[in-house]
Amino acid sequence: MSTAAPSTVPATSHADDARIHDLVGIGIGPFGLGMAALSEPLEDVDAIFLDQAPGFSWHPGMMLDGATIQVPFLADLVTMADPTSRFSFLQFLKETGRLYPFYIRESFYPLRSEYDRYCRWVAEQLDTLRWRRRVRSVQEEGEHLLVVADVLDAEGEIVGTEEHRGRHVVLGVGTRPALPPALAELAEAADQSAPPVIHSSQYLPAREQLLDAGSVTIVGSGQSAAEIYRDLLEDAAARGTRVDWVTRSPRFFPMEYTKLTLEMTSPEYTDLFRSLSEERRESLGREQRTLYKGISGDLIDDIHELLYRLSQGGAEVPTTLLTDTAVTAARHDAEAGEHVLTLEHGELGTRREHRTRAVVGATGYRSSAPALLAPLGGRIRRDSRGRLDVSRDYTIDDQQRIHVLNAEEHTHGVTAPDLGFGAWRASVVLDAITGREPYPIERRIAFQTFGLPADDA
Ligand SMILES: Cc1cc2nc3c(=O)[nH]c(=O)nc-3n(C[C@H](O)[C@H](O)[C@H](O)COP(=O)(O)OP(=O)(O)OC[C@H]3O[C@@H](n4cnc5c(N)ncnc54)[C@H](O)[C@@H]3O)c2cc1C
């Protein structure tokens, strides 16, 4: 239900939203937005959602033409919780006149750009969203929580502060681009004149600069690394620009899509994963990387086909693909105008220097305990590594008032970043907030049993 405070705040002022909301959401990415769309029809939920960004924008640096999302369209913001929701992807297609073309297209997988467009369409209909609000802190204030946000202008400058109060806070602040230490230091040390060292999240704005650099090295093993390699290679070959791809993984491994494996993206498997020791979760998480950190099989084959086509007639394709190879050190050779990466082969243990004029770190994202929680001190549960200790119902405090969305990969496993699981998790959080199950929560979705069944089941 939309009863939030007025959206605009005069410059350099302080706005105090005295109302105590049932929930204050921080972060309006797909998961925060899903929470807002599922809260909207609920009469007993007074909610407000804050985001530092000027509006919804999903991974603009990787909005590659033709790229699709990697989950079926049913994994939209709401359908798995409420198939009748007016915020569904099908409703979006109907209202934008795209339902029949989508039907004829016969693909379960919307374009990435279309998913972004769909989320913007939902955001435009919700009056509980407040953009250009960067949350600075969450603190206790009597029985409820006080959320303090800086109000930003179009340049991102702070022009005011706002206070919002809520019985519950839902953190949907997403994850941060992560570079391995060697590349992070190189990126930090690189001055304006040095050739680019970027994270894949910044790819599209840097594409032309990369192609003009003469040589580019992509570091990483996942979908983003493969998409950038595929997107650059043809134009680069035409311009004589080298594109090298280095990955620590023993091979370019495909994401696994087999149905019984996909059943691991389920409440039951999450129960099992959450029940394991921190140590076991840690190693299992690494073992399960193929489930969602690999490359789609079609893209791997598409890349081979492109290499096959470009090398016709003995043509030399200016590229090297290296597996089982880690970047262990990096430095900038200003005189040569090049970056020098130290490569080490995992099996052979051999090392050599690799010179390149630009680097793309497609090395993933990390969730971290946001600093805005600091004022809550010991109220926030942490594990032995200082990470958020997220309970099965997605709360991080014993009062069960602070909930997280997509900050629980280390406690809940593969479901955390999965768009297909967002609506289920939101339903669990709304159940906790309302004390009733506004959206039916499936406890069992898999045909297989994870763990041993009770005796004589
Ligand atoms: C290129 C790419 C493609 C992906 N494709 C898929 C896919 O096809 N299928 C799939 O299942 N998953 C996919 N993922 C994984 C995952 O679903 C996405 O990363 C998704 O965006 C995560 O959503 P989120 O809401 O957790 O975080 P984000 O999308 O990162 O949103 C977090 C929001 O929080 C805001 N925020 C952060 N801190 C503050 C603060 N202090 N105050 C206010 N606002 C704040 C940010 O501005 C941001 O808008 C993809 C990931 C990437 C990088």
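What you are looking at is a predicted structure, and each value in this text was computed from that prediction instead of being measured.

1. Remarks on the sheet that holds strand β8 (residues 197-199)
Okay, step 1: Judged by pairing direction, the sheet is parallel, and its five strands sit side by side in the order β8-β15-β9-β10-β11 without closing on themselves. Each end of this open sheet is capped by a strand with a single partner; those strands are β8 and β11 (319-322). When the angles between neighbouring strand axes are averaged without regard to direction, this sheet yields 15 degrees.
Okay, step 2: Its contacts with the sheet put helix α7 (residues 223-239) on β9 (215-219), β10 (242-246), β11 and β15 (358-361), and the angle it makes with β10 is roughly 160 degrees.

2. Structural notes on the nonpolar core
Okay, step 1: Ranked by internal contacts, the top residues of the largest apolar core, which has 50 residues, are Leu-23, Leu-33, Met-35, Tyr-118, Val-122 and Leu-129.
Okay, step 2: Elements that contribute at least two residues to this core include exactly α1 (30-39), β2 (47-50), α2 (89-95), α4 (112-124) and α14 (422-434).
Okay, step 3: With seven residues, α14 is the largest single contributor of residues to this core.
Okay, step 4: Those residues in contact with Leu-129 that lie beyond four places of it in its chain are Ile-28, Leu-33, Ala-36, Phe-49 and Ala-123.

3. Describing helix α10 (residues 278-287)
Okay, step 1: Turning to α10, its buried residues number three or more, namely Glu-278, Arg-281, Glu-282 and Leu-284.
Okay, step 2: Lining the buried residues of α10 we find α9 (267-275) and α13 (409-412).

4. Overview of the site of the ligand
Okay, step 1: The environment of the ligand is formed by 26 residues, the closest being Asp-51, Trp-58, Gln-70, Asn-406 and Leu-419.
Okay, step 2: Separating an oxygen atom of the ligand from a side-chain N or O atom of Trp-58 is a distance of 2.7 Å.
Okay, step 3: A distance of 2.9 Å separates an oxygen atom of the ligand from a polar backbone atom of Pro-417.
Okay, step 4: Notes on the ligand: free accessible area 990 Å², of which the protein chains cover 85%.

5. Quick look at unusual backbone geometry
Okay, step 1: Although it is not a glycine, His-59 sits at a positive phi angle of roughly 40 degrees.
Okay, step 2: As for its placement among the helices and strands, His-59 is situated in the loop between β2 and α2.
Okay, step 3: What makes His-59 partly exposed here is its relative accessible area of 41%.

6. As for the pattern of salt bridges
Okay, step 1: Tallied over the entire structure, the rule returns 37 salt bridges.
Okay, step 2: For Glu-278, the salt bridge goes to Arg-387, with nearest N and O atoms at 3.8 Å. You can see Glu-278 sitting in helix α10 and its partner Arg-387 sitting in the loop between β16 (365-366) and β17 (402-404), a full 109 residues away along the chain.
Okay, step 3: Glu-282 is paired through a salt bridge with Arg-387; the nearest N and O atoms lie 3.0 Å apart. Of this pair, Glu-282 sits in helix α10 while Arg-387 sits in the loop between β16 and β17, and the two are 105 residues apart along the sequence.

7. Thoughts on a nonpolar patch on the surface
Okay, step 1: Together, Leu-74, Met-80, Phe-108 and Tyr-109 give the surface a local cluster of nonpolar side chains, amounting to about 360 Å² of exposed area.
Okay, step 2: Here Phe-108 lies in the loop between α3 (99-105) and α4.
Okay, step 3: Under the relative-accessibility criterion, Phe-108 is labelled partly exposed at 46%.

8. Some thoughts on the domain arrangement of the protein
Quite often, the size of an interface is put as the accessible area lost when its parts meet.
Okay, step 1: Parsing the protein into structural domains produces domain 1 (20-175 + 367-434) and domain 2 (178-255 + 294-361).
Okay, step 2: Measuring from the centre of the C-alpha atoms in domain 1 to the corresponding centre in domain 2 gives 33 Å.
Okay, step 3: Of the roughly 670 Å² buried between domain 1 and domain 2 on both sides combined, carbon and sulfur atoms contribute 60%.
Okay, step 4: Together, Met-62, Leu-64 and Gln-70 form the three largest contributors to the area buried by domain 1 at its contact with domain 2, with a combined 67%.
Okay, step 5: Connecting domain 1 to domain 2 are one salt bridge.

9. Side note on the sheet that holds strand β14 (residues 351-356)
In a beta sheet, neighbouring strands pair by backbone hydrogen bonds and run either parallel or antiparallel.
Okay, step 1: Strand order in the open sheet formed by three strands is β12-β13-β14, and the pairing between neighbours is antiparallel. Edge positions in the sheet fall to β12 (325-333) and β14, since each of these pairs with one other strand and no more. Strand-to-strand twist across the sheet, computed as the mean angle between neighbouring axes with direction ignored, equals 25 degrees.
Okay, step 2: Sheet topology places strand β13 (residues 338-345) next to β14; six bridges connect them, and they run antiparallel. Note that in β14 the partner of Glu-344 across the bridge is Arg-351.
Okay, step 3: Contacting β12 and β13, helix α5 (residues 181-189) runs over the sheet at an angle of about 15 degrees to β12.

10. Some words on the packing of aromatic side chains
What describes a pair of aromatic rings is the distance from one ring centre to the other and the angle between the planes of the rings.
Okay, step 1: Counted under the stated rule, the structure contains 17 aromatic pairs.
Okay, step 2: Taking the centre distance of 5.5 Å and the plane angle of 70 degrees together, the rings of Phe-89 and Phe-102 count as edge-to-face. Residue Phe-89 is located in helix α2, and its partner Phe-102 is located in helix α3; the two are separated by 13 residues in the primary sequence. Here Phe-89 matches Phe-102 in class, with each residue buried.
Okay, step 3: One aromatic cluster in this structure is built from Trp-58, Phe-73, Phe-89, Phe-92, Phe-102, Phe-108, Tyr-115, Tyr-118 and Trp-121.
Okay, step 4: The ring of Phe-31 has Arg-425 sitting right over it, with the charged end atom 4.4 Å from the ring centre.

What counts, and where the lines are drawn
- Every chain is numbered on its own, with residues counted from 1 as its sequence reads.
- Residue-level local features of this predicted model are given only where pLDDT is at least 70; pairs of side-chain atoms are given and counted only at 80 or more, and the full residue set underlies all totals for whole chains, interfaces and linings.
- Derived side-chain values reflect all non-hydrogen atoms in the structure, with water molecules and hydrogen atoms excluded from consideration.
- For two strands to be treated as a pair, DSSP must find no fewer than two bridges joining them.
- For helices the rule is a DSSP run of H or I covering at least 4 residues; for strands it is a run of E covering at least 2, with both sets numbered from the N terminus onward.
- Think of each axis as a best-fit line through the C-alpha atoms, taken over the contacting stretch in the case of a helix, with angles from 0 to 180 degrees between the N-to-C directions.
- We call two residues contacting when some pair of their heavy atoms lies within 4.5 Å.
- Working definition of a nonpolar core: buried Ala, Val, Leu, Ile, Met, Phe, Trp, Tyr and Cys residues. They are joined through side-chain atoms within 4.5 Å.
- The classification of residues rests on relative accessible area computed with a 1.4 Å probe and restricted to protein chains. Under 20% of the type maximum is buried, over 50% is exposed, and intermediate values are partly exposed.
- We call a residue near a given molecule or strand whenever any one of its heavy atoms falls within 4 Å of it.
- The definition of a polar contact used here is a pair of N or O atoms within 3.5 Å, where within protein one atom must be able to donate a hydrogen and the other to accept one, and adjacent residues in sequence count solely through side-chain atom pairs.
- Areas reported as accessible are Shrake-Rupley estimates using a 1.4 Å probe. Residue values count occlusion only from the protein chains shown.
- Salt bridge, as applied in this entry: a Lys or Arg side-chain nitrogen positioned within 4 Å of an Asp or Glu carboxyl oxygen.
- A residue counts toward a patch only above 30% relative accessible area and without a salt bridge, and it is joined to like-charged neighbours within 9 Å or, for Val, Leu, Ile, Met, Phe, Trp and Tyr, to nonpolar neighbours within 5 Å.
- Domain extents, as shown, originate in an automatic or database domain assignment.
- The term buried area means the drop in 1.4 Å probe accessible area that two parts suffer when joined, counted for both and summed.
- In this analysis, rings of Phe, Tyr and Trp, with Trp reduced to its six-membered ring, are considered paired at centre separations within 6.5 Å, and the interplanar angle assigns stacked below 30 degrees, edge-to-face beyond 60, and tilted for intermediate values.
- Whether a charge sits over a ring comes down to the Lys NZ or Arg CZ being within 6 Å of the ring centre and within 35 degrees of the ring normal.

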